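# Survey of secondary and tertiary structure
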Amino acid sequence: MSDEKQNKGNYGAENIQALEGLEAVRKRPGMYIGSTDVKGLHHLVWEVIDNSIDEHLAGYCTHIDTIVHKDNSITVKDNGRGIPTGMHEKLQKSALEVVMTVLHAGGKFDKDTYKVSGGLHGVGVSCVNALSEYVRVEVHREGKYFEQEYSKGIPTGPVKTLGDSTRTGTIVTFRPDPTIFETTEYNFQTLAGRIRELSFLNKGLFLSLTDERETEEDGNFKRHDFYSEGGLREFVKYLDETRQPLIEEPIYVTGKEDNVEVEVAMQYNTGYQENIFSYVNNINTREGGTHVAGFRRAVNRVFKQYGDDNGLFAKVKIEISGDDFKEGLTSIISVKVPEPQFKGQTKGELGNSEVTGIVSRCVGDVLKTYLEENPAMARRIIDKVILAATARHAARKAREMVQRKNVLTGGGLPGKLSDCSSKDPGESEIFLVEGDSAGGTAKQGRDRNFQAILPLRGKILNVEKAMEYKIYENEEIKNMFTALGVSIEEKDGEKILNISKLRYHKVVIMCDADVDGSHISTLIMTFFFRYMKPLIEEGHIYIAAPPLYQVRKGKNFVYCWNDDERKAAIETYSNGKEDTSVKVQRYKGLGEMNAEQLWETTMDPSSRILRQVTISDAMEADRIFSMLMGDEVSPRRQFIEENAKYANIDI
Ligand code: 0RA
C-alpha cells in the first residue's frame, strides 16, 4: 500500500506543500538559522533533533541518538515514524525528497500535536540540507528502508529502496558547508547541554551523544546517555545541586486543560537568588510570557492566602510583595501548547493569553494542597519570605543611597576609570581588568580614542552568597554601575535595569589565562547574569582571550591560543627536527605581557579574539560558580576532580 492511501486525512505525501527554493537559504543563511557562526552551526543539529522530538511528542519515538563524526559531520538517528516516502502528487516526487529539498515542507499540519519544529526554531530539515555540503537520509518505514543523498540541498541521486526493514525511523547525516560557516567544529559541551535539557523536558525519552573525535581510556568513543525518569523534578535538583535545599523535595505539578499540558517543578533553597526557566514545546522562552505570568500569579496568591489565613504575617510591618516569594526559588515551567504564539523582540515570549489561567489553576491547586499537607515546609517558606521582605527594604535604601550619591556628584565617574575620548557608546569599549597592575598595562596599551579601562581589585563580592543590599555597598560593583552608566529602577515593585544610558556597547572582561583568572571571569559573568542580564541578552558582554604562549625563533615569533597551535608553531620553526633555538614562553598572566604585546594580541580589534557571552554561557557560569563558591562541599570536590584531568584547574 502506498503512503498516500495509508495516510489519507492524516499526514502523508499529499499534505506537504511546496513553497520556496533552497537557493534563498544559501544566499541569506542568517535569515533562517540566525547566524553562520558557531551558534548557527549548532542550530543545524537542533533543527534535526527538534524534528525527532516532534515524533516523540506525537507518541512515536523513544530513542534519539546523536553522533559527532571525526570530520565534524553529524548523525541524528530516531525511531519515529520515518519521513514519508510515498509519491507527492503535485510535485510528482517522493515526499522524502520534498521534505528534504523544499523549504517549509514539514508537512505536519495536524493542529492537535505539539510541535517544536515550526515553532521558534522551526526552519525545517531542508535548511540543514541547503547548508550542508553533504547529506544522507535513511528512512525505515513500512517494512522497507530507503536512502537519498544530497549536496548543498540538491539530490545527487534518486530515492533508493535498499531493502527490507523491521523497524521505523529516520537517520539524517549531514556535513555543514565550510564555505557557509565561519567554523565547522562542534562543541561537545554545547551539544550535551541542550540534549541534557531535552531529556529533562521529555521524561522517559532516551537520548545519547557520541563523540567519535575522542576516544576514552577503554577504547570506546566518548559517549553520554541522557534519560530522566523524574523530568522537571530532576531538572531543578540538577540546577540546585550545589545549593542547600530549604524544603525536602521539589514541589511538582502536572496538569492538562484544553489541550494545554502543564509541568512545573519548584524548589526553595537557602540562597537569595531566583532561578526561573520556562519552556513552550521544549523551546526556552527567555522572556517568559503568559505561562510564567500564570505561575507567578499562583505562587503569590496561594502563599499570601496561606500566610494570611494562618496569621503568619500578623507581626510583619512591611508589605509583602511578589518579589519576596522569589528569593531562593528555583523553578522550571514547561507547557505544551498546540499553536503557540511567540512575541517580543527575539520571539522569546509566549503570547497565548489562555495559558495564564490554565497554569495559574494547575499550580495553584497543587500548591494549596502542598501547604495544607506539609505545614512544616510551609512554615520554612513563609519565614524565608518574611526575611526577604525585610532585606528588600534594606536593599532599596542602600541602592537609593548609591544612586543618589551619583546624582549629587554629577554622576561622577569612578576615579579608577580611565575613560576613552569618544562619547559615542556604539564605538566605545570598556575593559574590566583584573588587578591594578594589569590595569596599568592595559591603560598604556589601549587605543584611548575608543577604549576605556576599569581595573577591578581582587575578588569582587561573592554575589551568590551576598544578600542584595550588600551588593550595592561593594566598591567594585558600584564602580561598574557608574562606569557603565546603567541603573536599577523600580516599576510596579519589579526591578528593571535601565541600560538606555549605557556608555559602552562592548564590555570586555579581561582576566589572566590561568585558573584564578578564569574564576574571576566566572565571577564577573555571574554578576552580569544576576544583576545586568539585559546586557548579556543584548550581546554587550565579551570575554577577551589573551594568548597562552609565544613561540619564538630568533626575531620571528607567533602567539598561540592553544596546545595544537603551539605544537604546530614549534613544528614549523624547527622543521620537525630538534632545535634548541625555538623558545616557548607560557603566559600565565596579563602582567607578563608588555603594553604593546597586550594590544597586539588581546585588545586590537583587527587581531584579537573576543568571545561574546551568551545567556547559556552565563547560566553554566552561574552553576559552576555557585558550586565553586557555594556552601555545599562535595559537588565542588567532584567538579574539581572531574575537571582536573583536563588540566583546567590547579588543585
Ligand atoms: C514529515 C512528516 C512526518 C514526519 C516527518 C516529516 C519526520 C521528519 C524527521 C526528521 C528527522 N526525523 C524525522 N521524523 C519524521 C509525519 C510522518 C507520518 O505521517 O507518518
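In this report, we go over the structure that sits alongside the text.

Right, let's get into the pattern of salt bridges. Per the stated rule, a full pass over the model turns up 33 salt bridges. Between Glu-372 and Lys-368 there is a salt bridge, and its shortest N-O distance comes to 3.8 Å. A residue pair is termed a helical-turn pair when its members lie 3 or 4 positions apart in one helix, as Glu-372 and Lys-368 do in helix H10 (residues 354-373) at four residues. Between Arg-608 and Glu-429 there is a salt bridge, with the nearest N and O atoms lying 2.9 Å from each other. With Arg-608 in the loop between helix H18 (595-603) and strand E28 (610-612) and Glu-429 in strand E19 (residues 429-434), this pair connects stretches of sequence that are 179 residues apart. Here Arg-608 matches Glu-429 in class, with each residue buried. A single salt-bridge network, built from bridges that share partners, covers Arg-136, Glu-138, Glu-147 and Lys-160.

It is worth spelling out the environment of Arg-552 at this point. With respect to the helices and strands, the residue Arg-552 is situated in strand E25 (residues 549-553). Once the C-alpha coordinates of Arg-552 and Tyr-573 are considered, the two residues, 21 residues apart in sequence, prove to be 8.1 Å apart. In contact with Arg-552, not counting residues within four places along its chain, are Phe-557, Tyr-573, Ser-581, Val-582 and Lys-583. There is a polar contact of 3.3 Å between the side chain of Arg-552 and the side chain of Gln-550.

In this section: the sheet that holds strand E13 (residues 260-268). Consider a sheet: its strands pair through backbone hydrogen bonds, and that pairing is either parallel or antiparallel. Strand order in the open sheet made by the five strands is E12-E13-E16-E14-E15, with mixed pairing throughout. Each edge of the open sheet carries a strand with a single partner, namely strand E12 (251-257) and strand E15 (283-284). Sheet topology places strand E14 (residues 275-280) next to strand E16 (residues 329-336); six bridges connect them, and they run parallel. Across the sheet, the residue bridging to Phe-277 is Ile-332, located in E16. Contacting E12, E13 and E16, H10 runs over the sheet at an angle of about 140° to E12.

What follows deals with the packing of helix H7 (residues 188-201) against helix H8 (residues 232-239). Axis separation between H7 and H8 bottoms out at 7 Å; the angle between their running directions is 135°. By the angle between their axes, H7 is oblique relative to H8. Together, Arg-196, Glu-197, Phe-200 and Leu-201 of H7 and Leu-232, Glu-234, Phe-235 and Tyr-238 of H8 make up the contact between the two elements. Its residues placed into classes, the contact of H7 with H8 shows five nonpolar, no polar and three charged.

A word on unusual backbone geometry. Most peptide bonds take the trans configuration, and most residues that are not glycine carry a negative phi. With a phi angle near 50°, Gln-92 is a residue other than glycine that sits in the positive phi range. Tracing the chain through its elements places Gln-92 in the loop between strand E3 (87-88) and strand E4 (93-94). For Asn-281, which is not glycine, the phi dihedral falls at a positive 50°. With respect to the helices, strands and loops of the structure, Asn-281 is situated in the loop between E14 and E15.

Rules and cut-offs
Throughout, a residue's number is its position along its own chain's written sequence, starting from 1. Local features in this predicted model are restricted to residues of pLDDT 70 or higher, and side-chain atom pairs are both shown and tallied only at a pLDDT of 80 or more, whereas totals for entire chains, interfaces and linings draw on every residue. Working from all heavy atoms in the structure, the side-chain values ignore hydrogens and water. By definition, a salt bridge exists where a carboxyl oxygen of Asp or Glu is found within 4 Å of a side-chain nitrogen of Lys or Arg. Counting from the N terminus, the helices are the DSSP runs of H or I reaching at least four residues and the strands are the DSSP runs of E reaching at least two. For every residue, the accessible area obtained with a 1.4 Å probe (protein chains only) is divided by the maximum for its type, and the residue is called buried under 20%, exposed over 50%, and partly exposed between those limits. Two residues form a contact once any of their heavy atoms are found within 4.5 Å. Counting of polar contacts relies on pairs of N or O atoms within 3.5 Å, with two restrictions inside protein: one atom must be capable of donating a hydrogen and the other of accepting it, and residues adjacent in sequence are counted only when both atoms are side-chain atoms. Strands qualify as paired when DSSP identifies two bridges or more between them. As a rule, the C-alpha atoms of each element are fitted with a line to give its axis, helices using only the stretch in contact, and angles between N-to-C directions run from 0 to 180 degrees. Angle categories: roughly parallel below 35 degrees, roughly antiparallel above 145, roughly perpendicular from 65 to 115, and oblique for all the rest. Gly is put with the polar residues, along with every residue not named as nonpolar or charged; the nonpolar set is Ala, Val, Leu, Ile, Met, Phe, Trp, Tyr, Cys and Pro, and the charged set is Asp, Glu, Lys and Arg.

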